[in-house]
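Okay, here's what each chain looks like letter by letter:
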Amino acid sequence: MNLKPLLFAFSSAFFSQTAFSAPSVDDIIHQTNYTTYYKGQDGKAKVKMTITDAQNRTRSREFVILRRDVPTTDAIENNAYEGDQKMYVYFSRPADVNKMVFMVLKKIKSDDDRWLYLPALDLVKRIAASDKRTSFVGSDFLYEDVSGRNLSADKHVLTGTDANYYIVENTPVNPDDVEFSKYVMYIHKTTFLPISTEYYDKQGKKYKTYTALAVDTIEGRPTITKSEAKNLNTGGSTLMEYSSVQYDVGIPDDIFSERNLRKPPRK
């Protein structure tokens with residue numbers, strides 16, 4: 001696969017590489033999980049989501065996402081790439097989703113807890129663990145894409161490299177739990193960000209792709225600020241654009257409670 005490299009200056013302090021050595025596949029996926037989901041001990045961003053169907057009709061969603069890690073350090077050598085985590089997503093636009101809230105208590109050693117608050121019905125809905133591979137608010141992203149997939153759920157094999165990317169093939173430990181047979185990640189060698197991911201169905205046909213379209217360095221951390229999911233079967237796609245990204249904000253722990261689903265914090 002030919003990928004146009006995303007080039008920017010960044011020095012990785014996590015791995016010391018030479019022309020004669022490269023990180024193991026475990027190091028690669030741990031670092032990738034860290035850079036994607038665990039940078040800083042907490043984080044905040046505004047997100048604009050644009051959903052486009054096969055007839056080129058669009059719908060939009062706007063929300064703020066808050067994230068707080070349970071580990072007290074974000075150092076990768078202390079396993080910060082694989083710890084419990086809390087996420088709170090507050091929707092503001094359009095009017096039909098205003099004040100809707102999605103919250104995740106991500107657990108490494110057991111099933112995540114997920115809730116969705118629907119203000120029009122004043123209903124708090126618990127999202128079953130079996131529903132984590134379903135559409136996130138009607139988009140081409142899944143609930144599991146938002147919070148991240150447990151590393152132990154897949155077997156990881158480094159299948160190749162080129163000048164810019166590590167190519168890692170991931171197959172599910174429990175194939176009956178998921179709709180895919182494998183997914184292939186193209187991971188940038190310097191930043192360890194997953195620039196492209198391809199999903200294959202049980203017949204070996206590629207049916208979905210995720211692509212990072214923009215990367216910015218924010219507070220010294222390379223961060224994906226625009227990404228796109230494409231469903232090759234339906235012809236639909238979803239664009240995610242991130243702005244006002246901040247790390248180490250000091251987000252209070254009590255925000256991530258069922259009480260705050262109906263009564264979100266003002267800030």
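Summary of the structure given here. Note that this is a predicted model, so its numbers are computed, not measured.

**Considering the packing of aromatic side chains**
Throughout the structure, instances matching the rule amount to 13 aromatic pairs. Consider the rings of F180 and Y183, whose centres lie 5.4 Å apart with planes at 85 degrees: the pair is edge-to-face. Considered together, F180 and Y183 belong to a single accessibility category, that of buried residues. Sitting over the ring of Y166, K189 keeps its end group 5.4 Å from the ring centre.

**Examining the side chain of N231**
Looking at the secondary structure, you find N231 in strand β12 (residues 221–231). The buried category is assigned to N231, whose relative accessible area is 16%. A polar side-chain atom of N231 sits 2.9 Å from the main-chain amide nitrogen of N233. Ignoring sequence-local partners within four residues, the contact set of N231 consists of D140, Y207 and G236.

**Points about the pairing of strand β11 (residues 206–218)**
Bridge analysis of strand β10 (residues 194–200) against β11 gives five bridges, and the strand direction is antiparallel. When the bridges of β11 are listed, Y199 appears paired with K208. Between β10 and β11, which pair antiparallel one after the other, the connecting turn spans five residues, and G204 there sits at a positive phi close to 85 degrees. Bridge count for β11 against β12 is 10 bridges, and the pairing is antiparallel. Residue K208 lies in a different strand from β12, and its bridge partner there is N231. Between β11 and β12, which pair antiparallel one after the other, the connecting turn spans two residues, and E219 there sits at a positive phi close to 55 degrees.

**Focus on the pairing of strand β13 (residues 237–247)**
As paired elements, strand β1 (residues 42–52) and β13 share nine bridges and run antiparallel to each other. Following the sheet pairing, K48 is matched in β13 by E241. Of the pairings in the sheet, the one linking β12 to β13 comprises five bridges and is antiparallel in character. Bridge assignment links S227 to a residue of β13, and that residue is M240. Between β12 and β13, which follow one another and run antiparallel, lie five residues, and G235 among them has a positive phi close to 85 degrees.

**As for the side chain of R61**
The topology assignment puts R61 in strand β2 (residues 58–69). With no salt bridge to any partner, buried R61 finds its closest opposite charge in D96, at an N-O distance of 4.7 Å. Those residues in contact with R61, other than ones at most four positions away along the chain, are V47, K48, M49, I51, F91, R93, P94, V97 and V137.

**What about the nonpolar core?**
Ranked by size, the top nonpolar core spans 45 residues in total, and within it M49, F63, V89, F91, F102, F136 and I187 carry the most contacts. Looking at this core element by element, the count peaks at six residues for helix α1 (residues 25–38). Among all residues touching F102, those that are not within four sequence positions of it are M87, Y88, V89, F91, R114, W115, L116, I127, F136, Y143 and V146. Ranked by size, the runner-up nonpolar core spans 11 residues in total, among them L66, M103, I251 and I255.

**So, the environment of T223**
Structurally, T223 can be placed in strand β12. The buried category is assigned to T223, whose relative accessible area is 6%. With 19 residues separating them in the primary sequence, T223 and Y242 have C-alpha atoms 9.5 Å apart. The contact partners of T223, leaving out residues within four places of it in the chain, are K39, L193, A214, V215, D216, I218, V245 and Y247.

**Quick word on the pattern of salt bridges**
Taken as a whole and judged by the stated rule, the model has 16 salt bridges. The closest approach of N and O atoms between R149 and D154, which form a salt bridge, is 2.7 Å. For the pair R149 and D154, a shared accessibility class is recorded, and that class is buried. With its nearest N and O atoms 3.4 Å apart, the salt bridge here joins K182 to E169. Of this pair, K182 sits in strand β9 (residues 182–188) while E169 sits in strand β8 (residues 165–172), and the two are 13 residues apart along the sequence. The exposure class assigned to E169 is partly exposed, which follows from its relative accessible area of 25%.

**Re α1**
Here α1 contains 14 residues, and its C-alpha end-to-end distance of 19 Å stays within 8% of the 20 Å for a straight helix at 1.5 Å per residue. In terms of burial, α1 is largely enclosed, as 10 of its 14 residues are buried. Those residues of α1 lying buried are V25, I28, I29, Q31, T32, N33, Y34, T35, Y37 and Y38. Just downstream of α1, G40 is the residue with a positive phi angle, here 75 degrees.

The rules we used
Residues numbered from 1 in each chain as written. Predicted model: local features only at pLDDT ≥ 70, side-chain atom pairs only at ≥ 80, totals over all residues. Heavy atoms only, no water. Phe/Tyr/Trp six-rings, centres within 6.5 Å; stacked < 30°, edge-to-face > 60°. Buried < 20%, exposed > 50% of the residue type's maximum accessible area, 1.4 Å probe, protein only. Lys NZ or Arg CZ within 6 Å of the ring centre and 35° of its normal. Helix = DSSP H or I, 4+ residues; strand = E, 2+ residues; numbered from the N terminus. Polar contact = N/O pair within 3.5 Å; in protein donor to acceptor, adjacent residues only side chain to side chain. Contact = heavy atoms within 4.5 Å. Pairing = 2+ DSSP bridges. Lys, Arg positive; Asp, Glu negative; His and termini not counted. Salt bridge = Lys/Arg side-chain N within 4 Å of Asp/Glu carboxyl O. Core = buried A, V, L, I, M, F, W, Y, C linked by side-chain atoms within 4.5 Å. Expected span 1.5 Å × (residues − 1).

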